[in-house]
Amino acid sequence: MNITRPLHEFISEFRTSLDNNTFAKLSLGNYQGKEENLKNIYVKKTLIKKEEKLSFTYRYKTRDIVKNYTFEEAVQLVDVFLQGDFFIATLFALSFELQFEILKNNKITLKKKPVELKGIPAPEHDKAKKRLIQSGDKAYLTELKITDQQGNVYKNAQDKYRQINHYVELLSPLLKEIPAGKPLRVVDMGSGKGYLTFALYDYLKNVLQLDTSVTGVEYRPDLVELCNEIAQNAGFGNLDFKEGSIEDYDSAGTDVLIALHACDTATDDAIYKGITAGSELIVVAPCCHKQVRREIEKNKTINDLSFLTRHGIFLERQAEMVTDGIRALILEYFGYKTKVFEFISDAHTPKNVMIVGTKDARNSIDKNAILKKIKEAKEYFGIGYHHLEKISGI
(Lines give C-alpha, C1' and ligand atoms only; values in the text may rest on other atoms or scores of the structure.)
Protein backbone atom coordinates (compact mmCIF):
# COMPACT_ATOMS: atom_id res chain seq x y z
CA MET A 1 0.00 0.00 0.00
CA ASN A 2 1.67 3.18 -1.21
CA ILE A 3 0.00 5.95 0.76
CA THR A 4 2.59 8.68 0.32
CA ARG A 5 1.50 10.35 -2.93
CA PRO A 6 -2.30 10.55 -2.41
CA LEU A 7 -1.86 11.51 1.25
CA HIS A 8 0.63 14.22 0.30
CA GLU A 9 -1.81 15.57 -2.30
CA PHE A 10 -4.72 15.56 0.17
CA ILE A 11 -2.71 17.36 2.84
CA SER A 12 -1.46 19.87 0.27
CA GLU A 13 -5.03 20.69 -0.79
CA PHE A 14 -6.04 20.99 2.86
CA ARG A 15 -3.20 23.42 3.58
CA THR A 16 -3.92 25.45 0.44
CA SER A 17 -7.61 25.78 1.30
CA LEU A 18 -6.62 27.24 4.66
CA ASP A 19 -4.10 29.61 3.11
CA ASN A 20 -6.59 30.79 0.45
CA ASN A 21 -9.53 31.00 2.88
CA THR A 22 -11.53 28.49 0.82
CA PHE A 23 -11.72 25.86 3.58
CA ALA A 24 -15.29 24.99 4.67
CA LYS A 25 -14.96 21.84 6.80
CA LEU A 26 -13.29 18.44 7.05
CA SER A 27 -14.37 15.05 8.36
CA LEU A 28 -12.42 11.94 9.33
CA GLY A 29 -14.17 8.57 9.46
CA ASN A 30 -13.82 4.78 9.39
CA TYR A 31 -11.64 4.83 12.49
CA GLN A 32 -9.31 1.84 12.84
CA GLY A 33 -7.11 3.08 15.68
CA LYS A 34 -6.76 1.89 19.26
CA GLU A 35 -8.73 4.55 21.15
CA GLU A 36 -11.89 2.96 22.49
CA ASN A 37 -15.27 4.18 21.22
CA LEU A 38 -13.86 6.94 18.98
CA LYS A 39 -15.90 7.06 15.78
CA ASN A 40 -15.32 10.29 13.82
CA ILE A 41 -13.67 13.67 13.93
CA TYR A 42 -15.28 16.80 12.50
CA VAL A 43 -13.18 19.90 11.81
CA LYS A 44 -14.36 23.50 11.37
CA LYS A 45 -13.02 27.00 11.89
CA THR A 46 -13.44 28.79 15.20
CA LEU A 47 -12.41 32.15 16.58
CA ILE A 48 -10.59 32.07 19.92
CA LYS A 49 -9.69 35.47 21.36
CA LYS A 50 -9.77 37.00 17.87
CA GLU A 51 -7.47 34.30 16.47
CA GLU A 52 -8.69 31.81 13.86
CA LYS A 53 -8.14 28.18 14.79
CA LEU A 54 -9.52 24.81 13.78
CA SER A 55 -11.93 23.13 16.15
CA PHE A 56 -11.78 19.32 16.22
CA THR A 57 -14.89 17.57 17.55
CA TYR A 58 -13.91 14.05 18.58
CA ARG A 59 -17.14 12.06 18.35
CA TYR A 60 -17.24 9.08 20.72
CA LYS A 61 -19.99 6.57 21.25
CA THR A 62 -21.43 8.38 24.26
CA ARG A 63 -19.76 11.81 24.29
CA ASP A 64 -18.07 14.52 22.25
CA ILE A 65 -14.75 16.17 23.08
CA VAL A 66 -13.72 19.44 21.43
CA LYS A 67 -10.09 20.52 21.03
CA ASN A 68 -8.78 23.61 19.24
CA TYR A 69 -5.55 23.79 17.23
CA THR A 70 -3.63 26.31 15.14
CA PHE A 71 -3.81 25.75 11.39
CA GLU A 72 -0.33 24.23 11.28
CA GLU A 73 -1.02 21.93 14.24
CA ALA A 74 -4.24 20.83 12.59
CA VAL A 75 -2.59 20.03 9.27
CA GLN A 76 0.10 17.94 10.98
CA LEU A 77 -2.51 16.15 13.08
CA VAL A 78 -4.65 15.20 10.07
CA ASP A 79 -1.51 13.97 8.30
CA VAL A 80 -0.76 11.65 11.24
CA PHE A 81 -4.38 10.48 11.56
CA LEU A 82 -4.48 9.38 7.92
CA GLN A 83 -1.43 7.15 8.28
CA GLY A 84 -3.31 4.32 9.96
CA ASP A 85 -6.01 5.64 12.28
CA PHE A 86 -8.71 6.95 9.95
CA PHE A 87 -9.34 5.29 6.59
CA ILE A 88 -11.48 8.01 5.06
CA ALA A 89 -11.27 11.81 5.00
CA THR A 90 -13.37 14.36 3.16
CA LEU A 91 -12.28 17.95 2.59
CA PHE A 92 -14.99 20.47 1.73
CA ALA A 93 -13.72 23.64 0.07
CA LEU A 94 -15.38 26.54 -1.73
CA SER A 95 -15.24 25.01 -5.23
CA PHE A 96 -14.51 21.33 -4.67
CA GLU A 97 -14.92 18.28 -2.47
CA LEU A 98 -11.92 15.97 -2.05
CA GLN A 99 -12.17 12.46 -0.61
CA PHE A 100 -9.23 10.36 0.53
CA GLU A 101 -9.97 6.67 1.21
CA ILE A 102 -8.11 3.49 2.07
CA LEU A 103 -10.18 0.59 0.75
CA LYS A 104 -10.41 -2.92 2.18
CA ASN A 105 -7.93 -4.22 -0.38
CA ASN A 106 -5.50 -1.50 0.82
CA LYS A 107 -5.95 0.43 -2.40
CA ILE A 108 -5.78 4.22 -1.94
CA THR A 109 -8.26 6.42 -3.77
CA LEU A 110 -8.38 10.18 -4.08
CA LYS A 111 -11.55 11.54 -5.65
CA LYS A 112 -12.11 15.20 -6.41
CA LYS A 113 -15.36 16.66 -7.69
CA PRO A 114 -16.42 20.23 -8.30
CA VAL A 115 -19.05 21.82 -6.06
CA GLU A 116 -20.34 25.34 -5.67
CA LEU A 117 -20.74 26.46 -2.10
CA LYS A 118 -22.65 29.69 -1.61
CA GLY A 119 -20.01 30.84 0.80
CA ILE A 120 -17.53 29.82 3.43
CA PRO A 121 -18.96 29.44 6.96
CA ALA A 122 -17.76 32.22 9.21
CA PRO A 123 -15.60 31.05 12.12
CA GLU A 124 -17.70 30.32 15.16
CA HIS A 125 -16.85 32.56 18.08
CA ASP A 126 -15.96 31.07 21.44
CA LYS A 127 -18.97 32.91 22.85
CA ALA A 128 -20.79 31.63 25.90
CA LYS A 129 -23.51 29.11 25.25
CA LYS A 130 -27.08 30.20 25.71
CA ARG A 131 -27.51 30.61 29.44
CA LEU A 132 -30.54 29.66 31.47
CA ILE A 133 -30.06 32.94 33.30
CA GLN A 134 -29.62 35.67 30.70
CA SER A 135 -27.73 38.79 31.71
CA GLY A 136 -29.98 41.40 30.11
CA ASP A 137 -32.65 43.35 32.02
CA LYS A 138 -31.90 41.73 35.40
CA ALA A 139 -32.03 44.31 38.17
CA TYR A 140 -30.66 41.88 40.76
CA LEU A 141 -27.57 41.11 38.65
CA THR A 142 -26.88 44.83 38.36
CA GLU A 143 -27.28 45.41 42.10
CA LEU A 144 -25.06 42.43 42.86
CA LYS A 145 -22.36 44.04 40.65
CA ILE A 146 -22.42 41.25 38.06
CA THR A 147 -23.73 43.36 35.16
CA ASP A 148 -23.86 47.01 34.24
CA GLN A 149 -27.11 48.88 33.58
CA GLN A 150 -27.15 47.59 29.99
CA GLY A 151 -26.88 43.95 31.06
CA ASN A 152 -23.22 43.50 30.10
CA VAL A 153 -21.36 41.16 32.44
CA TYR A 154 -18.40 42.88 34.10
CA LYS A 155 -15.04 41.36 33.25
CA ASN A 156 -14.26 40.65 36.91
CA ALA A 157 -17.69 39.00 37.38
CA GLN A 158 -17.49 36.50 34.51
CA ASP A 159 -16.62 33.63 36.87
CA LYS A 160 -19.51 34.44 39.19
CA TYR A 161 -21.93 34.66 36.25
CA ARG A 162 -20.78 31.26 34.95
CA GLN A 163 -21.10 29.85 38.48
CA ILE A 164 -24.70 31.05 38.73
CA ASN A 165 -25.63 29.38 35.46
CA HIS A 166 -23.74 26.20 36.30
CA TYR A 167 -25.73 25.97 39.51
CA VAL A 168 -29.09 26.48 37.80
CA GLU A 169 -28.17 23.99 35.06
CA LEU A 170 -27.45 21.35 37.71
CA LEU A 171 -30.72 21.95 39.54
CA SER A 172 -32.92 22.28 36.46
CA PRO A 173 -33.50 18.56 35.70
CA LEU A 174 -33.92 17.81 39.42
CA LEU A 175 -36.56 20.51 39.85
CA LYS A 176 -38.49 19.28 36.82
CA GLU A 177 -38.87 15.86 38.47
CA ILE A 178 -40.84 17.30 41.41
CA PRO A 179 -44.56 16.48 41.13
CA ALA A 180 -46.56 19.45 39.87
CA GLY A 181 -49.92 20.62 41.12
CA LYS A 182 -49.10 22.79 44.13
CA PRO A 183 -47.02 25.90 44.91
CA LEU A 184 -43.35 25.09 45.34
CA ARG A 185 -41.66 26.22 48.54
CA VAL A 186 -37.84 26.44 48.39
CA VAL A 187 -35.48 27.19 51.28
CA ASP A 188 -31.81 28.04 50.74
CA MET A 189 -29.90 27.51 53.99
CA GLY A 190 -26.86 29.74 54.42
CA SER A 191 -27.71 31.92 51.43
CA GLY A 192 -24.91 34.44 51.97
CA LYS A 193 -25.08 37.39 49.59
CA GLY A 194 -27.79 35.57 47.65
CA TYR A 195 -26.21 35.23 44.20
CA LEU A 196 -27.48 31.69 43.74
CA THR A 197 -30.75 32.29 45.61
CA PHE A 198 -31.74 35.16 43.32
CA ALA A 199 -30.82 33.17 40.22
CA LEU A 200 -32.82 30.14 41.36
CA TYR A 201 -35.91 32.28 42.06
CA ASP A 202 -35.54 33.98 38.68
CA TYR A 203 -35.32 30.59 36.95
CA LEU A 204 -38.29 29.06 38.79
CA LYS A 205 -40.53 32.10 38.46
CA ASN A 206 -39.61 33.62 35.11
CA VAL A 207 -38.23 30.72 33.07
CA LEU A 208 -40.23 27.73 34.33
CA GLN A 209 -43.24 29.94 35.18
CA LEU A 210 -43.85 28.07 38.45
CA ASP A 211 -45.93 29.22 41.39
CA THR A 212 -43.06 29.35 43.85
CA SER A 213 -41.75 31.04 46.97
CA VAL A 214 -38.07 31.06 47.90
CA THR A 215 -36.57 31.89 51.30
CA GLY A 216 -32.91 32.48 51.99
CA VAL A 217 -31.76 31.76 55.53
CA GLU A 218 -28.66 33.67 56.60
CA TYR A 219 -27.05 34.27 60.00
CA ARG A 220 -25.53 37.69 59.15
CA PRO A 221 -28.13 40.48 59.53
CA ASP A 222 -26.40 42.91 57.14
CA LEU A 223 -26.63 40.38 54.29
CA VAL A 224 -30.28 39.64 55.11
CA GLU A 225 -31.10 43.36 54.94
CA LEU A 226 -29.17 43.81 51.69
CA CYS A 227 -30.79 40.82 49.97
CA ASN A 228 -34.31 41.80 51.01
CA GLU A 229 -33.72 45.27 49.60
CA ILE A 230 -32.46 43.85 46.28
CA ALA A 231 -35.41 41.43 46.09
CA GLN A 232 -37.82 44.32 46.62
CA ASN A 233 -36.10 46.48 43.98
CA ALA A 234 -36.19 43.57 41.51
CA GLY A 235 -39.91 43.03 42.04
CA PHE A 236 -39.38 39.51 43.39
CA GLY A 237 -42.47 39.40 45.59
CA ASN A 238 -42.16 35.77 46.67
CA LEU A 239 -38.44 35.88 47.51
CA ASP A 240 -37.43 36.83 51.03
CA PHE A 241 -34.46 36.43 53.35
CA LYS A 242 -34.64 35.63 57.06
CA GLU A 243 -32.03 36.01 59.74
CA GLY A 244 -31.19 32.86 61.70
CA SER A 245 -29.24 29.64 61.89
CA ILE A 246 -29.90 26.40 60.06
CA GLU A 247 -30.38 24.58 63.35
CA ASP A 248 -33.09 26.96 64.58
CA TYR A 249 -35.03 27.41 61.33
CA ASP A 250 -38.52 25.86 61.11
CA SER A 251 -38.46 23.99 57.81
CA ALA A 252 -42.02 22.64 57.93
CA GLY A 253 -43.65 22.69 54.50
CA THR A 254 -40.37 22.97 52.59
CA ASP A 255 -40.48 21.19 49.20
CA VAL A 256 -36.88 21.89 48.18
CA LEU A 257 -34.12 22.35 50.76
CA ILE A 258 -30.72 23.59 49.61
CA ALA A 259 -27.55 24.11 51.64
CA LEU A 260 -24.31 24.98 49.87
CA HIS A 261 -21.10 25.19 51.89
CA ALA A 262 -22.71 24.72 55.28
CA CYS A 263 -19.65 24.05 57.39
CA ASP A 264 -19.08 20.64 58.99
CA THR A 265 -22.15 19.43 60.95
CA ALA A 266 -24.28 22.35 59.71
CA THR A 267 -24.69 20.28 56.55
CA ASP A 268 -26.09 17.47 58.69
CA ASP A 269 -28.48 19.93 60.36
CA ALA A 270 -29.67 21.07 56.94
CA ILE A 271 -30.19 17.52 55.66
CA TYR A 272 -32.17 16.68 58.80
CA LYS A 273 -34.35 19.77 58.33
CA GLY A 274 -35.17 18.51 54.83
CA ILE A 275 -35.88 14.98 56.07
CA THR A 276 -38.21 16.14 58.87
CA ALA A 277 -40.02 18.46 56.45
CA GLY A 278 -40.52 15.59 54.01
CA SER A 279 -38.92 17.69 51.29
CA GLU A 280 -39.22 16.36 47.75
CA LEU A 281 -35.64 17.42 47.01
CA ILE A 282 -32.61 17.92 49.27
CA VAL A 283 -29.44 19.38 47.75
CA VAL A 284 -26.25 19.98 49.74
CA ALA A 285 -22.66 20.78 48.81
CA PRO A 286 -20.76 20.18 52.06
CA CYS A 287 -17.58 21.89 53.14
CA CYS A 288 -15.34 20.99 56.09
CA HIS A 289 -15.66 17.47 57.47
CA LYS A 290 -14.10 17.99 60.88
CA GLN A 291 -16.47 15.93 63.03
CA VAL A 292 -15.77 12.57 61.40
CA ARG A 293 -12.09 13.35 60.94
CA ARG A 294 -11.75 13.97 64.68
CA GLU A 295 -13.43 10.60 65.32
CA ILE A 296 -11.01 8.82 62.98
CA GLU A 297 -7.97 10.54 64.50
CA LYS A 298 -9.14 9.85 68.06
CA ASN A 299 -9.74 6.12 67.62
CA LYS A 300 -6.80 5.39 65.29
CA THR A 301 -8.33 2.16 63.97
CA ILE A 302 -5.92 0.02 61.98
CA ASN A 303 -7.35 -1.14 58.65
CA ASP A 304 -6.29 -1.86 55.07
CA LEU A 305 -6.15 1.87 54.30
CA SER A 306 -3.81 2.79 57.13
CA PHE A 307 -0.87 3.06 54.73
CA LEU A 308 -2.74 5.97 53.11
CA THR A 309 -4.28 7.67 56.10
CA ARG A 310 -0.94 8.09 57.87
CA HIS A 311 -0.62 11.04 55.47
CA GLY A 312 -2.72 14.01 56.58
CA ILE A 313 -3.96 14.94 53.11
CA PHE A 314 -5.24 11.41 52.46
CA LEU A 315 -6.84 11.26 55.89
CA GLU A 316 -8.66 14.50 55.11
CA ARG A 317 -9.95 13.15 51.80
CA GLN A 318 -11.00 9.88 53.41
CA ALA A 319 -12.90 11.76 56.11
CA GLU A 320 -14.72 13.71 53.39
CA MET A 321 -15.73 10.58 51.48
CA VAL A 322 -16.78 8.64 54.57
CA THR A 323 -18.78 11.58 55.96
CA ASP A 324 -20.65 12.15 52.71
CA GLY A 325 -21.04 8.43 52.02
CA ILE A 326 -22.82 7.95 55.35
CA ARG A 327 -24.93 11.04 54.67
CA ALA A 328 -26.11 9.44 51.42
CA LEU A 329 -26.92 6.19 53.23
CA ILE A 330 -28.98 8.03 55.86
CA LEU A 331 -30.92 9.84 53.13
CA GLU A 332 -31.63 6.46 51.56
CA TYR A 333 -32.80 5.13 54.94
CA PHE A 334 -35.44 7.87 54.96
CA GLY A 335 -36.69 7.04 51.48
CA TYR A 336 -34.56 9.23 49.22
CA LYS A 337 -32.81 8.20 46.04
CA THR A 338 -29.35 9.70 46.14
CA LYS A 339 -26.83 11.01 43.66
CA VAL A 340 -23.35 12.26 44.47
CA PHE A 341 -21.44 14.22 41.87
CA GLU A 342 -18.90 16.97 41.37
CA PHE A 343 -20.00 20.55 41.77
CA ILE A 344 -17.62 23.30 40.68
CA SER A 345 -18.80 26.08 42.92
CA ASP A 346 -16.37 28.77 41.87
CA ALA A 347 -13.43 29.04 39.49
CA HIS A 348 -11.16 30.06 42.37
CA THR A 349 -12.16 27.40 44.89
CA PRO A 350 -11.70 23.65 44.98
CA LYS A 351 -14.27 21.32 43.49
CA ASN A 352 -17.01 20.22 45.83
CA VAL A 353 -19.19 17.17 46.10
CA MET A 354 -22.90 17.75 45.69
CA ILE A 355 -25.25 15.29 47.40
CA VAL A 356 -28.79 15.12 46.04
CA GLY A 357 -31.68 13.29 47.68
CA THR A 358 -34.91 12.87 45.71
CA LYS A 359 -38.02 11.66 47.53
CA ASP A 360 -39.56 8.61 45.88
CA ALA A 361 -42.48 6.85 47.56
CA ARG A 362 -42.04 3.92 45.15
CA ASN A 363 -38.48 3.38 46.31
CA SER A 364 -38.13 0.02 48.05
CA ILE A 365 -36.03 0.42 51.19
CA ASP A 366 -34.24 -2.28 53.14
CA LYS A 367 -33.64 -0.25 56.31
CA ASN A 368 -31.88 -3.06 58.14
CA ALA A 369 -29.38 -3.47 55.31
CA ILE A 370 -28.67 0.27 55.34
CA LEU A 371 -28.17 0.31 59.12
CA LYS A 372 -25.78 -2.63 58.75
CA LYS A 373 -23.72 -0.72 56.16
CA ILE A 374 -23.53 2.34 58.40
CA LYS A 375 -22.50 0.23 61.40
CA GLU A 376 -19.80 -1.59 59.42
CA ALA A 377 -18.44 1.66 57.99
CA LYS A 378 -18.20 3.24 61.43
CA GLU A 379 -16.42 0.19 62.86
CA TYR A 380 -13.99 -0.03 59.93
CA PHE A 381 -12.95 3.62 60.11
CA GLY A 382 -13.14 3.98 63.90
CA ILE A 383 -16.06 6.40 64.00
CA GLY A 384 -17.87 6.60 67.32
CA TYR A 385 -20.77 8.59 65.91
CA HIS A 386 -21.83 10.52 62.80
CA HIS A 387 -23.70 13.77 63.58
CA LEU A 388 -26.53 13.19 61.09
CA GLU A 389 -27.03 9.68 62.42
CA LYS A 390 -27.14 11.06 65.97
CA ILE A 391 -29.68 13.84 65.38
CA SER A 392 -31.92 11.68 63.17
CA GLY A 393 -32.12 9.03 65.87
CA ILE A 394 -31.57 5.99 63.67
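These numbers were taken from a predicted model, which means no experiment stands behind them.

Peer 1: Is there a simple way to explain the overall build of the protein in this structure?
Peer 2: Within the protein one finds 12 helices and 15 strands. Relative to the globule expectation of 21 Å for 394 residues, the C-alpha radius of gyration of the protein, 28 Å, shows a markedly less compact shape. If you line up the protein on its principal axes, its C-alpha atoms span 75 × 60 × 40 Å. The burial tally for the protein puts 45% of its 394 residues in the buried class. Across the protein, contacts joining residues at least 24 apart in sequence account for 64% of those joining residues at least 6 apart. Entry remark: accessible area of the protein is about 21,400 Å², with carbon and sulfur atoms responsible for 49%. Within the protein, one finds 56 positive and 54 negative side-chain charges whose respective centroids are separated by 5 Å.

Peer 1: Explanation requested: the state of the cysteines in the structure shown.
Peer 2: Working definition of a disulfide: a covalent bond connecting the sulfur atoms of two cysteines. The full count for this structure, using the stated rule, is zero disulfides. For Cys227, which is in no disulfide, the shortest distance to another cysteine sulfur is to Cys287 and amounts to 18 Å. Among the cysteines around Cys287, which has no disulfide bond, Cys288 carries the closest sulfur, lying 4.0 Å off.

Peer 1: Explain the environment of Thr338 here, please?
Peer 2: As for its position among the elements, Thr338 is in strand β14 (residues 336-343). A residue is classified by how much of its surface remains accessible, and Thr338, at 22% relative accessible area, is partly exposed. C-alpha separation for the pair Thr338 and Lys53, spaced 285 residues apart in sequence, amounts to 42 Å. The residues contacting Thr338, other than those within four sequence positions of it, are Ala328, Leu331, Glu332 and Val356. Within the structure, the side chain of Thr338 is placed 2.5 Å from the side chain of Glu332, a separation counted as a polar contact.

Peer 1: For this particular structure, what's the right way to read the packing of helix α4 (residues 158-176) against helix α5 (residues 195-207)?
Peer 2: In a pair of packed helices, the angle between the axes and the distance between the axes together describe the arrangement. Two elements in contact, α4 and α5, have axes separated by 10 Å at closest approach and are oriented at 50 degrees. With respect to α5, the axis of α4 lies oblique. Regarding α4 and α5, the two cross each other, and that crossing is right-handed. On the side of α4, the interface is formed by Lys160, Gln163, Ile164, Tyr167, Val168, Leu171, Ser172, Leu175 and Lys176, while α5 contributes Tyr195, Leu196, Ala199, Leu200, Tyr203 and Leu204. In the contact of α4 with α5, the residues fall into 11 nonpolar, two polar and two charged.

Peer 1: Mind showing me how you'd approach the pairing of strand β15 (residues 352-359) here?
Peer 2: Looking along a regular strand, one sees the side chains alternate between the two faces of the sheet. Burial of β15 is extensive: six of the eight residues sit out of reach of the surface. Of the pairings in the sheet, the one linking strand β13 (residues 281-287) to β15 comprises four bridges and is antiparallel in character. By the bridge assignment, Ile282 is partnered in β15 with Gly357.

Peer 1: Could you clarify how one ought to interpret the side chain of Gln163 in this entry?
Peer 2: Its location among the elements puts Gln163 in helix α4. Residue Gln163 is classed as buried on the basis of its relative accessible area of 9%. Looking at Gln163, its side chain comes within polar contact range of the side chain of Lys160, at 3.0 Å.

Peer 1: Where do I start with the sheet that holds strand β9 (residues 184-189) in this structure?
Peer 2: Spatially, β11-β10-β9-β12-β13-β15-β14 is the arrangement adopted by the seven strands of the open sheet, whose pairing is mixed. Single-partner strands in this sheet number two, and they are β11 (239-243) and β14. Taken over all neighbouring pairs, the strand axes of this sheet differ in orientation by 15 degrees on average, direction set aside. Strand direction decides the pairing type here: β9 and strand β12 (residues 256-263), joined by four bridges, are parallel. Within the sheet, the bridge partner assigned to Asp188 lies in β12 and is Ile258. Where helix α7 (residues 265-277) meets the sheet, its contacts fall on β9, β12, β13 and β14, and the angle it forms with β12 comes to roughly 170 degrees.

Parameters and conventions
- Residues numbered from 1 in each chain as written.
- Predicted model: local features only at pLDDT ≥ 70, side-chain atom pairs only at ≥ 80, totals over all residues.
- Heavy atoms only, no water.
- Helix = DSSP H or I, 4+ residues; strand = E, 2+ residues; numbered from the N terminus.
- Rg over C-alpha atoms; globule rule 2.2 N^0.38 Å.
- Buried < 20%, exposed > 50% of the residue type's maximum accessible area, 1.4 Å probe, protein only.
- Contact = heavy atoms within 4.5 Å.
- Areas by Shrake-Rupley, 256 points an atom, 1.4 Å probe, with all protein chains shown as cover.
- Lys, Arg positive; Asp, Glu negative; His and termini not counted.
- Charge placed at Lys NZ, Arg CZ, Asp CG, Glu CD.
- Disulfide = S-S within 2.5 Å.
- Polar contact = N/O pair within 3.5 Å; in protein donor to acceptor, adjacent residues only side chain to side chain.
- Axes fitted to C-alpha atoms, helices over the stretch in contact; angles between N-to-C directions.
- Parallel < 35°, antiparallel > 145°, perpendicular 65-115°, else oblique.
- Left-handed = near helix turned anticlockwise from the far one by under 90°.
- Nonpolar A, V, L, I, M, F, W, Y, C, P; charged D, E, K, R; others polar.
- Pairing = 2+ DSSP bridges.

Note that every value here comes from positions in space, so none of it alone points to a role or purpose.
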